[in-house]
Amino acid sequence: MSTLSGVAKKSHRSWLSPSAWHLRTRLVLVAMALLVAICAAVGVVSYASMDMVFNKQLDRQLEQASSRATSFGRPPSNFPSSPSGRPDPLEARGQAAGTLNARIDGTTVINPGVIEASGKRAELTADDKQILLSLPRDNRPVDRSLSYGDYRLVAVETAGDVIVTGLPLADKQSAEASLVWTMVLVSLGGLAVIGLAGTVIIRRTMRPLEQLSEVATKVSRLPLDAGEVALAVRVPPSAAHPGTEVGSVGHALNQMLNNVSSALEARQESETKVRQFVADASHELRTPLTAIRGYTELLSMTENFTDDGRKSLARVRSQSERMTTLVEDLLLLARLDEGQALKITDVDLTQLVIETVSDEKIMAPDQIWQLQLPDEPVTVRGDVTQLHQVLANLLSNARKHTDAGTTVVTSVMLSADGSPVVTVTDNGPGIPEDFQGRIFSRFARADAARSGSEGTSGLGLSIVESIVEAHGGSVHVASRPGGTEFTLRFPVVATEQKLRTQQGDSPSS
């Protein structure tokens, strides 16, 4: 029969999902993104502004150079009108190195040249001449790429021809490239400094939140459901100052923990009183119940009763025995709640299962009792009396809540990690799903669901859980229509203890 098992799935934070990032990471990235945007905006505006300034400066220089070339290249009235006889505008005074001049007559480019850094004249190529011929002749500066580099050119019409003047863009482009690199390097440096400083500052700022998280995590791991709980964890005063937003949260968390601690102390005090009352009452009830049973047996042996009288006396005796069993169960639970020390020995779990199943087989011969045992004995460390009661309660539970002919299989095995495991499985009607969550609660009954004829006190499975947990183990139930399985898991017995047990069981030579 299959069992119900759950495996906790580990959650991995996906770096592709920003919602899974730490808050400090998002704050640093947002700050960096804003800084990048600001640097980019400042860079674009600065570059555009400097480009306008350089263009205006270059246009003034170009206008002056064009004016010198045009004035020098315009011939006097006694000069011939032929373009070849007019002065070369490149020879005008004041023209700087890199200046370009040419005269255009119709579709002919005359005297095109560039002043080199050495002061010599350099001729233009045929492609450059075609570019000069295509220039607009409206006195507006334009940028063109020539064989000598990028130039800003202007064509000015004079008497009968056009004089082209140009200045190189190399100085402007160099200045702008320097500006871009300066802004990029400064921005990268600023980003690095802001990133490191921001990370440190944000980490220090977020430290109180981390302390709150640590406190909440520690509290979440405390066993608050039962027993005495020492809720001493608090948010440190540095993170619980109500004057700040985070401090207000820390202060509120401390107040909540104080309230929870007070409630837990009150609950523990109440539970202690109830347990003490149950233990005292159970102990006190044992004497009158023993007296009732003794007197009923005495009366049955010494007095003559009618048939109805004998039935009534038998009823009193059976109810007193049932009450005695209930009192013993309550007293055992009270002792387990108090953490009473167990009589720990090495227990042969296999032999204990065989003996317990044999007892139940005699009490319920109508059920089919089966065993599934390993080849080697399985040993646990525990109290043999209490472990016997655990097995007896589980088998008794199967006997009382299933019909005749039901198969009950008890198996002993070792799990993959070496821990001893005992299962009690039956093919009865099963346990309702809504009842399985509270089946180990005290006084929990589901007689209507499992068709047995014997009533129960509802303490048997609660005793099973308490004893198994006192031994460091666990108990689970898995049920569906047509089958129920109870699984007991015990801690692994150390190898040294196994060897001592085997040596103690072997005969001495």
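Being a predicted model, the structure only gives us computed values, none of them experimental.

The rules behind the values
- Residues numbered from 1 in each chain as written.
- Predicted model: local features only at pLDDT ≥ 70, side-chain atom pairs only at ≥ 80, totals over all residues.
- Heavy atoms only, no water.
- Axes fitted to C-alpha atoms, helices over the stretch in contact; angles between N-to-C directions.
- Helix = DSSP H or I, 4+ residues; strand = E, 2+ residues; numbered from the N terminus.
- Parallel < 35°, antiparallel > 145°, perpendicular 65-115°, else oblique.
- Left-handed = near helix turned anticlockwise from the far one by under 90°.
- Contact = heavy atoms within 4.5 Å.
- Salt bridge = Lys/Arg side-chain N within 4 Å of Asp/Glu carboxyl O.
- Buried < 20%, exposed > 50% of the residue type's maximum accessible area, 1.4 Å probe, protein only.
- Expected span 1.5 Å × (residues − 1).
- Polar contact = N/O pair within 3.5 Å; in protein donor to acceptor, adjacent residues only side chain to side chain.
- Pairing = 2+ DSSP bridges.
- UniProt positions renumbered as here; feature names shortened; annotations may be inferred.
- Bend = angle between axes of the 7 residues up to and from the residue.

Close contact between helix α5 (residues 307-337) and helix α9 (residues 460-470) brings their axes to 10 Å; oriented N to C, the two are set at 30°. Viewed along their axes, α5 and α9 adopt a mutual orientation that is roughly parallel. Relative to α9, the crossing made by α5 is left-handed. Between α5, through Asp 329, Leu 332, Leu 333 and Leu 336, and α9, the contact on the second element is made entirely by Ser 462, Ile 463, Ser 466, Ile 467 and Ala 470.

The next point concerns the pattern of salt bridges. Per the stated rule, a full pass over the model turns up 12 salt bridges. The partner of Asp 161 in a salt bridge is Arg 103, and the shortest N-O contact between them spans 2.5 Å. Within this pair, whereas Asp 161 is found in the loop between β5 (149-157) and β6 (162-168), its partner Arg 103 is found in strand β1 (residues 100-105), the two being separated by 58 residues in sequence. Overall, the relative accessible area of 0% leaves Arg 103 in the buried class. The shortest N-O distance in the salt bridge between Asp 346 and Arg 381 comes to 2.8 Å.

Moving on to helix α7 (residues 384-400). Between its first and last C-alpha, α7 extends 24 Å over 17 residues, near the 24 Å set by a 1.5 Å rise per residue. A large share of α7 lies buried, amounting to 12 of its 17 residues. Measuring from the side-chain oxygen of the N-cap residue of α7 to the backbone nitrogen of Thr 385 gives 3.0 Å; that N-cap residue is Asp 383.

Read from one edge of the open sheet, six strands run β3-β2-β1-β6-β5-β4, paired in antiparallel fashion. This sheet does not close on itself; its edge strands, each paired only once, are β3 (121-123) and β4 (142-146). Averaged over all pairs of adjacent strands, the angle between strand axes in this sheet comes to 30°, irrespective of strand direction. Examined bridge by bridge, β1 and β6 share five bridges and lie antiparallel to one another. Along β6, the bridge assignment pairs Arg 103 with Ile 163. Across the sheet, helix α2 (residues 126-133) touches β1, β2 (108-115), β4, β5 and β6, and the angle it forms with β2 is around 115°.

Let us now look at the UniProt feature "transmembrane region" (unreviewed entry) in the protein chain. The positions that UniProt labels "transmembrane region" (unreviewed entry) are, in the present scheme, residues 27-48 and 179-202. End-to-end, the C-alpha atoms of residues 179-202 are 33 Å apart, and along that stretch the chain is 100% helix and 0% strand.

So, about the pairing of strand β12 (residues 474-480). Pairing of β12 with strand β13 (residues 483-489), which is carried by seven bridges, proceeds in the antiparallel orientation. Among the inter-strand pairings, Arg 480 is bridged to a residue of β13, identified as Gly 483. Linking β12 to β13, which pair antiparallel, is a turn of two residues; within it Gly 482 sits at a positive phi near 100°.

Bringing unusual backbone geometry into the picture now. In this model, Asn 111 sits at a positive phi of 50°, which is unusual for a non-glycine residue. Tracing the backbone through its elements, the reader meets Asn 111 in strand β2. Not every positive phi belongs to a glycine, and Asn 139 is a case in point at roughly 65°. Within the secondary structure, Asn 139 sits in the loop between α2 and β4.

With that settled, the discussion passes to helix α3 (residues 170-220). Here α3 spans 70 Å end to end across 51 residues, near enough to the 75 Å set by a 1.5 Å rise per residue. The sharpest bend along α3 reaches about 40° and sits at Arg 207, with the proline Pro 208 one to four residues further on.

What follows concerns the sheet that holds β13. One key point about sheets: their strands pair by backbone hydrogen bonds, in either a parallel or an antiparallel sense. Read across the sheet, five strands follow the order β8-β10-β11-β13-β12 without closing on themselves; strand pairing throughout is mixed. Looking along the sheet, the strands with just one partner apiece sit at the ends: β8 (368-372) and β12. Pairs of neighbouring strands in the sheet enclose a mean axial angle of 15°, with direction left out of account.

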